[in-house]
Amino acid sequence: MSAPVVLVHGFGTSYELTWVHNGWVDLLADEGREVIGVDLLGHGNAPKPTDPEAYDDLGARVRDALPDEPVDAIGFSLGAKTLLQVAAADPSRFRSLIVAGVGSNLFQRSDHSAVVEAVRTGDDGGDPALRYFAGLADLPGNDREALAACMSNGGGGVTPEQLAAITCPVLVVLGDQDFTRPATPLVEALPDATYVELARTDHAKTPKSFAFIDAALEFLRAR
């Protein structure tokens, strides 16, 4: 019997919006795969605290959802970073990982204050990147203050040294127009990584990409 597949969404979305609405859950069911959906703290059906300190450990909800046996897991953006953190701390819980929408940004220290303010107020100041994040807060079920608190905290970082502990195969997927490029530092930090670049694809379009879906399903079949 195939291992379950854990799905973890990105910042400002949810299991429902990212994986159900874009057809992933149905396609995985067609492959005979059980799906375990996770809503990160502050998102979807999860609690939505407005204290930034509440978001110190975003991986807690992922760990709570994991069954006893090793799983395959797919994460996008914040969900991908969170999966990498959980897998680095306990590699035995994962049979394989697929991470999309993350790259060199994982290893860069950035000032997110402008993003936090855009999320909190909805004012993007005409900046396209800020408009993307401000728009996420308008999605159904979202709470601006909770998302701003989550972004303020960031859920901690991950280092190349920590990622070296992840021994399972990892598929790294990144659009050629994604603001988190390049993927090279992440791919090089993982002991067993395969990289797929999505043509004409930015960050927001990644979960809807048929090329991403095809690459993920092919990777899972090979396991």
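Since we're looking at a predicted model, the values are computed, not measured.

Q: Even after reading the chapter, I still don't get helix α7 (residues 144–153), so can you show me in this structure?
A: Helical periodicity: at 3.6 residues per turn, an α-helix aligns residues three or four positions apart in one direction. Of all the positions in α7, only Ala146, Leu147, Ala148, Ala149, Cys150 and Met151 are classed as buried. Measuring from the backbone nitrogen of Glu145 back to the side-chain oxygen at the start of α7 gives 3.0 Å, which picks out Asp143 as the cap. Note on α7: the residue one or two positions beyond its end, Gly154, has a positive phi of about 85°.

Q: Looking at this structure, how should I read helix α4 (residues 78–89)?
A: An ideal rise of 1.5 Å per residue puts 16 Å on twelve residues; α4 measures up with 17 Å between its terminal C-alpha atoms. Listed in full, the buried residues belonging to α4 are Leu78, Gly79, Ala80, Lys81, Thr82, Leu83, Leu84, Gln85, Val86, Ala87 and Ala88.

Q: Hey, could you run me through the nonpolar core in this one?
A: The tendency in soluble globular proteins is for nonpolar side chains to be buried side by side. Among the nonpolar cores identified, the biggest contains 51 residues, and Phe11, Leu84, Phe94, Leu97, Ile166 and Leu186 are the most heavily contacted of them. Counting 21 residues, the second-largest nonpolar core is a separate cluster that includes Val5, Val25, Ala215 and Phe219.

Q: Any chance you could explain the layout of surface pockets here in plain terms?
A: Gaps left between atoms are located by rolling a probe of water-molecule size over the structure's atoms. There is about 890 Å³ of room inside the largest pocket. In terms of lining residues, the largest pocket is bounded by 30 residues, among which Lys81, Asn105, Ser110, His112 and Met151 are the most central. Counting only elements with at least two residues in the lining of the largest pocket, the list comes to α4, α6 (128–136) and α7. The element that contributes the greatest number of residues to the lining of the largest pocket is α7, accounting for four residues. Partitioned by chemical class, the residues of the lining of the largest pocket number twelve nonpolar, 14 polar and four charged.

Q: Is there a simple way to explain the packing of aromatic side chains in this structure?
A: Given two aromatic rings, their pairing is described by the distance between the two centres and the angle made by the two planes. Evaluated as defined, the whole model comprises six aromatic pairs. Between Phe11 and Phe133, the aromatic rings sit 6.1 Å apart at their centres with planes inclined by 55°, giving tilted as the arrangement. Linking Phe11 in the loop between β1 (5–8) and α1 (15–20) with Phe133 in helix α6, this pair joins segments that are 122 residues apart in sequence. Exposure remark for Phe133: the relative accessible area of 15% places this residue in the buried category.

Here is what the cut-offs are and how they apply
- Residues numbered from 1 in each chain as written.
- Predicted model: local features only at pLDDT ≥ 70, side-chain atom pairs only at ≥ 80, totals over all residues.
- Heavy atoms only, no water.
- Buried < 20%, exposed > 50% of the residue type's maximum accessible area, 1.4 Å probe, protein only.
- Helix = DSSP H or I, 4+ residues; strand = E, 2+ residues; numbered from the N terminus.
- Polar contact = N/O pair within 3.5 Å; in protein donor to acceptor, adjacent residues only side chain to side chain.
- Expected span 1.5 Å × (residues − 1).
- Core = buried A, V, L, I, M, F, W, Y, C linked by side-chain atoms within 4.5 Å.
- 1 Å grid on protein atoms, 1.4 Å probe; cavity = no way out; pocket = protein on both sides within 12 Å on 5 of 7 lines; lining within 4 Å.
- Points joined across faces, edges and corners; volume = space filled by probe spheres on them.
- Nonpolar A, V, L, I, M, F, W, Y, C, P; charged D, E, K, R; others polar.
- Phe/Tyr/Trp six-rings, centres within 6.5 Å; stacked < 30°, edge-to-face > 60°.

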